[in-house]
Structures are given as structure tokens and as C-alpha cells.
Amino acid sequence: MEEYVIGYDLDSTMSQITWRSLGEERDKQETYAVPFLLCKKYQVNQWSYGEAARADKIAGKGTVPEHLLEKALKGEKVLLEGEAYDGTELVLLFVKKTLELLWQKIRKEQAVAFMFTVERLDKDMVKLLNRIVLEIGEMGRDVYYQSHQESFYQYVIHQPQEIWTKDVLALEYRAPYLKIYHMKLNKGTTPMVAFIENKEFPQMNLCTLKEEGWQEREDQRFYEFMEEILKGSFISSIYLIGDGFQGNWMKKTLDLICHRRRVFMGKNLYAIGASMAAREKVRPDELVDKYIFLGKDRLKANVGMNLYIQGEESYYPLADGGQNWYETKKEWDLILEEGEAVSLMITPLNGKEVRNVNIILRGLPKRPKRATRIKMHLAFETEQKMIIQIEDLGFGEMFPSSGMRWTEEIEI
Amino acid sequence: MSNVRLCLHKLAKNPYYIEEIHLSIYSIEELCFYLCKNPELLREDIMDEDLSSFIETELGMEDLGKELREILEKRGSLTEFVGAILKGAFYLNDREWNKVQNMLGQSPHIEYRLRKKRKGDFLLESQKYTLAIEGYSSILQEAEESGDRQFYGDILHNMGVAYAKTFDFPKAKEKFRQAYEANGSLESLDHYLTVVRLISTKEEYEEFVRTKGVDKETANFIGEKYGKCLEDYEKSDVKRRIDRIREKKEKGNFTEYFEDMDELLEEWKEQYRKSMKKS
């Protein structure tokens, strides 16, 4: 049975799905794109999506909710024909419908890993994705999430090396304005560390007024802007993403940016990058050991503690720098030797000083040495905010649990 | 130095029951704690095939389970058996193990009444108050007849603690009084007066102090201790929790008030039931 990995770019304007073979034809991949639109037909509980939704709206057959993804993230209701719909439910419906297309191309059991990629992975987005995964189920043996930033990294790192000998830019030009991902590689470390800077340019708003001569004006504006961006920088490739680049208006700008550089239209880049990342999860290649990506969502510090393991006192890692914050969730049972405090060590990856953080278990009942069992749960709310929850489990029948819990928010 | 150790083995779904002390064991750490607590009280009946199976299947420590079975098959010693468990769990350092080993050596020579008292002490510490009282009662007469006033007084004192923990203050008061008479311990006197203060008004307590001829310094000390307890209570989590519940009542939120109050009472009842359990 041929196995596949899937990348799904869940974006507020266009969703793209890439499936990639894991078999002999390793680079065999296909992508389809669906506008992020859902249309409820008037008077009936029937929904169309994508291009069909757009057509239904134009034909006056139904109503299309606006800013659906944003509303779902905020937990807001969507009002259609006087009835309130849960925004999350509608996003779920859209994802379900788009996946029906995928399951016509490959069978569900052939999907071994599924990677969602989104513009920004914050607490609300992770919650929404968790809900989607839970409700839909059977999307692949393992389901992962990552940001566009990371999908860009995965895409680039899997291109021929001459493309990323120097820095790489992704110019994302869509409403409301231009954003740039600037990927840099620090070759002086082992493994080599890749960083991506996100830059936003509100002054470069999307040109919507297509009056006569707009192409020349847009070209000139972009030319001047790119001159500034490229000044003094070492960039080997540029990817152009988004509908802002449509309309064949780039002439002077292209001459500028293509000079001693490779320039590509980054069509489906995030979905393809996500599928490549999914493949890395299932069958890691040699790149995993050579390069590490420290993106926004990666932990920038190691978290650990000194404890006794099999009689020896040693450092025990709880969370490793470089992991995605939303994937880092663990728990352990510990026995307190004595006292009512637990000490964690935070070691920043940037070489800054190691920090010790004590969590005081205030009010913990006094018990003899080694007669308190605690459950320690570690999770993150952002890449910087760690949440430690500790629960008193007592000590069997000898010392029943007090039921006490302590929660600490720790900046790392 | 670290003050935590990582638990590498799971909690048992079906506990191992130690009949002698009416205790169910759920983890390797609990078993080790028990073995180290009173090694001199351990007898060969702990060398049990069921314990080996429990360690192997319930705790998932297959190697240790097999090792224990081998010791049983070759009729090894108690020290060897206990040592294998404590070492297999990496529970003790060498110094601690030497101490436990010495105490294990004393096991065959320990007197019956002392064994019984230690067992009662363990039950008391494990908050099995009814069982502790039963255990102490069974050796009380023998202890009195032995003429060892210190030993007899200590048993009475501990019975007082167990009664106080089950809120039977009149009996607790009587046991502390008897304990003080037997061993003259200031701790027993202290506990006796504390119980008197607990079940009296301030005026009654002062009357008691005057008529019983309690010296002023001791009486004041108990009064201050009582005051400190009240202060600590005012700052405690329990007090804060009760205040929060009362606040709901004052705001007219009666449904939540009754729900929260029921929950708190149920927790207290459960704790009390556990402490009164006879098995």
C-alpha cells in the first residue's frame, strides 16, 4: 500500500492541500487549492464551499459569512439568516468538505502523517486545530501543526542547496499589506541554526484601485521598496506569494530582484512545506541532524531539574529548546525527599545565564521524608510562557492526598 | 542537592495488602517506605510469593519480581529479601542501607509488647486511628503490669493523640491525664491542658487552672499556643475556602453556597471515615 503524507494550509483566504508519496516516487506530490468560502443556501440547511460557494453567492442563492476563521478563533458566533452558528463548527464543516476531495484521491488508511500549517500558531489556533482533529478524526496516523514560517523553512531546506547559500526571502503580498519572511542560516554552529524574521509593511498596502497606469505606478513603488530591502543584504533567492503579485505588473522590479538571484512564484509553498515537514516526522532525512530551525514557536531554552533517578542525582530534561511549544506537554510522578519546594533549571539557548525557579507548594501537609508523591504537569501557552501544574497525590493509604494543586506561570 | 526523585514505576491497580498493619500498598515507594520505617518489626511472613508477583505484574518490575522469587526458592534470609527490594528500587544509599540492615538484625529479639506498640505507632502515623487505639488497648494492661512507667505512659499518650484526632476529646483528655500521671512527661501535660482549653470557654479554663493548681507559666504557654492556633487558622486555606463559601450565602447565591458547603462537608466526612476504618 502506497503511503502518503499531507500538508494542509488553513488560511483565511485560500486553503491548499498537498499530498506527497512516501514510496519510491518520493517527490511525487499533488496540490489543490480551495477558496476559504462557505455559503449557506437561503431557506435550506445546505452548504456549498470553495468556488461553488462563490458562485452561489454571486447567483444570489445564499449567504457567505465573512472573516470566518477570525470569528472561530475568537469563539464568536456567526449570524446567518437570523440564526447564530458557532464559528468553529463552520470552520470544521469547511475542513471536512475540503478533505472529502482528498479522500477521493487517496484512501484514509494511506495517510500516515498530516500537517496543518497556519499563519500564526497561538493558543486560540491550537485550540481550534485540536477541536478539528478531535471531531474529524482519521486524518492520518499522526497529526501535527506548524506555522507558515516553519513551512517556509521546510520548503526552502528541501530545495537544491544553491537556492539557500545565502539568505532567502518570502514576500507575501496579499490584503491588507505586504509581509516578508527573511530566512537566515547561522553556519558557524553544529547543527547549523536557521532563523526567520517576520517583517510587516503596512505602508505597502495591496493595490486595489486598478486605474489606468496602475501597473507602472505599482511597479515603481515596489521597485523603490525592494531597493531598500536588498541594500546591503545577501540574498540568494526570493519567493513571491499571494494574489498581490498577479496582473503582470512587475517589470522593473523583476529586473532588480532577479539580478544575481533566483526568484520564484511561491505557489502552494506553505502546503508543500507542510507536507515536507510531515515527511520529516515519518522518515527523517540527513537534514534533520545538520540543521535546526529556531522559529517563533520553538522553545528558546532548555528546562530541566536535578533529581534522583535510580539512586543517582542527575540533570533530567523536562523540555528541550527547539521543540514547538504547542507540542510540548508532559507529566511525571515525583517523590519529595523533604521540604515543600520543587526547583526547575532554565537554560537559555542563547548562552545567557542559567536560571533556577523554585515552586513552593504552600500549605502542603507535613509528612515524613519521602512520603509525598506529586504529579507534575508541564505545558506551554506560548513559546515563552510555561505552565507548571503540581498535584498532591498523597502517599497511598498512609497519607491520603490533600487534593491540593498549585499552578505556576513561568517565563522562559 | 536535589529534593525530588523520579517515579519510574506505575501505581498498582490492585494493591498488595499487608494484613499485620491493615495497609494496602500501591507503589514501590510506599513498600520501601514501610520496610524502612520499622525494619525491626519485619518478620519472615513478609517474604511472600504474592509480594513477588505484585512487584512483577502490578508494578511492572519484572527483574525484581524474579529476583525475589529466586530468594524465596533458595530459602534466603529476611535481610536478603528486604535488601533486594530496597536496592532494586534504588531507595536507599549505602549508609541508610547499613542502618536498616542493623535494625533488621534486631527483629528476632524484639519484645512482643514493644513490637505491638511500634505497630500502633505506625497505624497512628498512617492516620488509622481506630486501629491504633485497638492495638494500644491490647497491650495496655501488660504495659501497666510491667512496671515500666515510661512505656505505659507513652502508650496512654499516643492513645490520647488518636482519640483527639477522632474528635473524642473527653477520652483524649482522660488518656493524657493518665499518661502524665504515669510518666510525668511535660508533653503529656501540655496535651492534656490543650484538650481542656479546646473543650472549655476561656473562663472555664481559667477556673480549671486555678482549682487544679496548674502553674501560671504552663497555663499561659497553653493559652498562647491556643491563640497561635486560632491565628494560624485565620490565615489557612481552609478558612479562606469557608469565607468564600459564606460570601456566596451573603450575596444570596444559595444554590452555589449549598453545593460548595456539601462538597466541603463530604471531604471532611470522607477523611473522618478513613481515619475510623477498621481494616
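Predicted model only: the values in this text are computed from it and were never measured. Each residue is numbered by its place in its chain's sequence as written, counting from 1. In the order they appear in the text, chains get letters beginning with A and ligands get numbers beginning with 1. Residues qualify for local features only when their pLDDT is at least 70, as the model is predicted, and side-chain atom pairs are given and counted only at 80 or more; totals for whole chains, interfaces and linings, by contrast, use all residues.

**Digging into the overall build of chain B**
A count of helices and strands for chain B gives 14 helices and three strands. Of the contacts made within chain B by residues no fewer than 6 positions apart, 52% connect residues no fewer than 24 positions apart. For the purposes of this entry, the term helix denotes a DSSP run of H or I that reaches at least four residues, the term strand denotes a run of E that reaches at least two, and both are numbered from the N terminus. By the convention adopted here, residues are in contact when the distance between their C-beta atoms, placed from the backbone, does not exceed 7 Å.

**Quick look at the overall build of chain A**
Scanning chain A from N- to C-terminus turns up nine helices and 24 strands. Each principal axis of the C-alpha distribution contributes one length, and for chain A these read about 85 × 60 × 45 Å. A sequence separation of at least 24 residues applies to 63% of the contacts in chain A between residues at least 6 apart.

**Comments concerning the environment of Leu189(B)**
Residue and element names in this part refer to chain B. Topologically, Leu189 is positioned in helix H10 (residues 186-198). For Leu189 and Gly227, which are 38 residues apart along the polypeptide, the C-alpha to C-alpha distance reads 18 Å. Look past the residues within four positions of Leu189 in its chain and what remains in contact with it is Tyr180 and Thr218.

**Considering the interface of chain B and chain A**
Contact residues are listed per partner, giving 18 residues for chain B and 26 residues for chain A. Elements that contribute at least two residues to the side of chain B that touches chain A include exactly strand S1 (4-6), strand S3 (23-25) and helix H1 (28-37) of chain B. Just so you know the grouping, Ala, Val, Leu, Ile, Met, Phe, Trp, Tyr, Cys and Pro go in nonpolar, Asp, Glu, Lys and Arg go in charged, and all remaining residues, Gly too, go in polar. Taken together, the residues of the side of chain B that touches chain A sort by class into eight nonpolar, five polar and five charged.

**Section: the pairing of strand S8 (residues 83-86) of chain A**
Residue and element names in this part refer to chain A. Two strands pair when backbone bridges link them, and strand S7 (residues 77-80) and S8 are joined in this way by four bridges, in the antiparallel orientation. Bridge assignment links Leu79 to a residue of S8, and that residue is Ala84. The antiparallel pairing of S7 with S8 creates a hairpin that spans two residues between the two strands, and Glu81 there sits at a positive phi of about 50°. When DSSP finds two or more bridges between two strands, those strands count as paired.

**Digging into the sheet that holds strand S5 (residues 47-49) of chain A**
Residues and elements named next belong to chain A. Strand order across the open sheet formed by three strands is S5-S4-S6, with antiparallel pairing between neighbours. Where the open sheet ends on each side, the last strands, each with one partner, are S5 and strand S6 (62-63). Sheet topology note: the strand S4 (residues 38-41)/S6 ladder contains two bridges and is antiparallel. Bridging across to S6, Lys40 finds its partner in Thr63. Note on geometry: axes are C-alpha line fits, over the in-contact stretch for helices, and angles between N-to-C directions span 0 to 180 degrees. Lying on the sheet, helix H1 (residues 50-58) is in contact with S4, S5 and S6; it crosses S5 at an angle near 115°.

**Some details on the domain arrangement of chain A**
Source of the domain bounds: an automatic or database domain assignment. Here the domain parsing of chain A yields domain 1 (4-150), domain 2 (159-271) and domain 3 (301-411). Computed from C-alpha atoms alone, the centre-to-centre distance between domain 2 of chain A and domain 3 of chain A is 45 Å.

**Examining H10(B)**
Residue and element names in this part refer to chain B. In this model, H10 (13 residues) spans 18 Å end to end at C-alpha, consistent with the 18 Å of a helix rising 1.5 Å per residue. Exposed residues have 12 or fewer other C-beta atoms within 10 Å of their own C-beta, buried residues have 20 or more, and residues in between are partly exposed; the C-beta atoms are placed from the backbone. For H10, every residue scored as buried is listed here: Ser188, His191, Tyr192, Leu193, Val195, Val196 and Arg197. Packing partners of the buried residues in H10 comprise helix H8 (149-165), helix H9 (169-183), helix H11 (202-212) and helix H12 (216-235). In a helix, the anticipated span is given by 1.5 Å times the number of residues less one.

**Re unusual backbone geometry**
For the bond running from Ala175(A) to Pro176(A), omega is 0°, close enough to zero to count as cis. Tracing the chain through its elements places Pro176(A) in the loop between strand S11 (167-173) and strand S12 (177-186). Phi at Asn248(A) is positive, roughly 55°, even though this residue is not glycine. Assignment of secondary structure puts Asn248(A) in the loop between strand S14 (235-241) and helix H7 (252-257). When the 7 C-beta atoms within 10 Å are taken as the criterion, Asn248(A) is described as exposed. With a phi angle near 50°, Phe90(B) is a residue other than glycine that sits in the positive phi range.

**Some words on the sheet that holds S11(A)**
Residue and element names in this part refer to chain A. Taken together, six strands build an open sheet; the order of strands is S15-S14-S11-S12-S13-S16 and the sheet is mixed. Here the strands that pair on one side only, and so sit at the sheet edges, are strand S15 (262-265) and strand S16 (291-293). Between one strand axis and the next, the sheet turns by 20° as a mean value, whatever way the strands run. Alignment of strand S13 (residues 192-205) against S16, held across three bridges, turns out to be parallel. Counted as the bridge partner of Val193 is Ile292 from S16.

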